[in-house]
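What the coordinates show
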Amino acid sequence: MRVSYTLWIAILTWHLSGCIHSPSIDDLTDVMSPEQQQSLMQADIILLGEQHDNPDHHKLQAQIVEMLGQAGVLGAVVFEQVNWDQQVIVSNLSNRNLHQLETQLNWAKSGWPSFKFYEPIFTTATRFRAPIIAGNISSEKSKAVYKEGYHAVFSLDEQKLLGLTKELDGPAMTALKKEVFEGHCQMIPEDHVSAMVPIQRARDAAMALAWHKHHKTGKAIFIVGSGHARKDFGLPWYLKQLDPSLKIWSIGMNEKGSEAQAGAYDQVITTDPILRDDPCAELDKKWNKGKSNSSPEAK
């Protein structure tokens, strides 16, 4: 049974104020105050920025999708991890063919972390019959943007609609370049950083455009990397180009020891770090093998 927005907030507020919990990300109420949950529920669009390989972040994402579904306000779920040319696959997704999704998306060769991290999000969205939107452009299209510019993907009208014909303001562009530089382990020269900025902007614009084309009703959720959820240069900037009146709630999930920049998000959720191989060592090894001539991509 679905409950009204007002009743749902009342239940959540009572639950928080009347119970004492030990810190655990298994319970969404331990990382979101009643005020934060209310702001989230009042938003038109919720951005759930993740560290892609952290399972705790995906658990929280699935819980938020569940919360909106239970409240009867869940709209589309937009995935950075699914490309435009895969929209037909996710448009036809149902409980009957959900078990085929990993294979249909060719996930094993996609470059994304294990499908098991994302499967609960797809499952929950499908259970509530939420439209699923393929948000991203493919690697091939990213390379085309790198070589040819935005017109390789977007029409001139789309570029104007999304704000790609104008520059980000100074602080936002500085922050974006820093994000690209640090995202590639500070191993790339400054001129190369500038050449990569259009890729990141194109990805953000692509996800905003996908929502604009396919979203119908309800509150949309974006499953994206934390960089895309940033309010200064990420998705919110492009969504506001489409509709300045949109109410957006941006959550950046990070790990202890890797704190988010103040003001970059409406809320920051910090979790314990996971054990992983050093990505910079892997990148250094890759580039030292002579593969650095291929156009890099930002995620």
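Scroll up for the structure.
So, here's what we can say about the structure. All values reported here derive from a predicted model rather than from experimental measurement.

Calculation criteria
- Residues numbered from 1 in each chain as written.
- Predicted model: local features only at pLDDT ≥ 70, side-chain atom pairs only at ≥ 80, totals over all residues.
- Heavy atoms only, no water.
- Salt bridge = Lys/Arg side-chain N within 4 Å of Asp/Glu carboxyl O.
- Helix = DSSP H or I, 4+ residues; strand = E, 2+ residues; numbered from the N terminus.
- Buried < 20%, exposed > 50% of the residue type's maximum accessible area, 1.4 Å probe, protein only.
- Phe/Tyr/Trp six-rings, centres within 6.5 Å; stacked < 30°, edge-to-face > 60°.
- Lys NZ or Arg CZ within 6 Å of the ring centre and 35° of its normal.
- Disulfide = S-S within 2.5 Å.

Here we take up the pattern of salt bridges. Per the counting criterion, the structure on display carries 8 salt bridges. Its salt-bridge partner being arginine 276, residue aspartate 53 comes within 2.7 Å of it at the nearest N-O pair. Of this pair, aspartate 53 sits in the loop between strand E1 (45-50) and helix H3 (55-70) while arginine 276 sits in the loop between strand E6 (267-271) and helix H12 (279-291), placing them 223 residues apart in sequence. Taking relative accessible area as the criterion, arginine 276 reaches 35% and is therefore assigned partly exposed. Where aspartate 272 meets lysine 256, a salt bridge forms, and the shortest distance between an N and an O atom there is 2.9 Å. Placement of aspartate 272 in the loop between E6 and H12 and of lysine 256 in the loop between strand E5 (248-255) and E6 is noted, with a sequence separation of 16 residues between them.

It is worth spelling out the packing of aromatic side chains at this point. What the rule picks out here adds up to 7 aromatic pairs. Summarising the aromatic geometry, the rings of tryptophan 107 and phenylalanine 115 are spaced 5.1 Å apart at their centres and angled 75° between planes, so their arrangement reads as edge-to-face. As far as burial versus exposure is concerned, tryptophan 107 and phenylalanine 115 are alike and both buried. Note on tryptophan 107 and tyrosine 118: the rings are 5.3 Å apart at their centroids and 50° apart in plane angle, and the pair reads as tilted. Residue tryptophan 107 is located in the loop between helix H5 (101-104) and helix H6 (115-127), and its partner tyrosine 118 is located in helix H6; the two are separated by 11 residues in the primary sequence. Overall, tryptophan 107 belongs to the buried group, its relative accessible area being 3%. The lysine or arginine in question, arginine 201, covers the ring of tryptophan 237, its NZ or CZ lying 5.4 Å from the ring centre. Stacked on the ring of tryptophan 84, the Lys or Arg lysine 213 has its end atom at 5.9 Å from the ring centre.

For the rest of this paragraph, the subject is the state of the cysteines. Throughout the structure, instances matching the rule amount to 1 disulfide. Paired through a disulfide, cysteine 185 and cysteine 280 show a sulfur-sulfur distance of 2.2 Å. Disulfide cysteine 185-cysteine 280: torsion about the S-S bond near -90°, hence left-handed. With cysteine 185 in the loop between helix H9 (170-183) and helix H10 (190-214) and cysteine 280 in helix H12, this pair connects stretches of sequence that are 95 residues apart. With relative accessibility at 17%, the residue cysteine 185 sits in the buried group.

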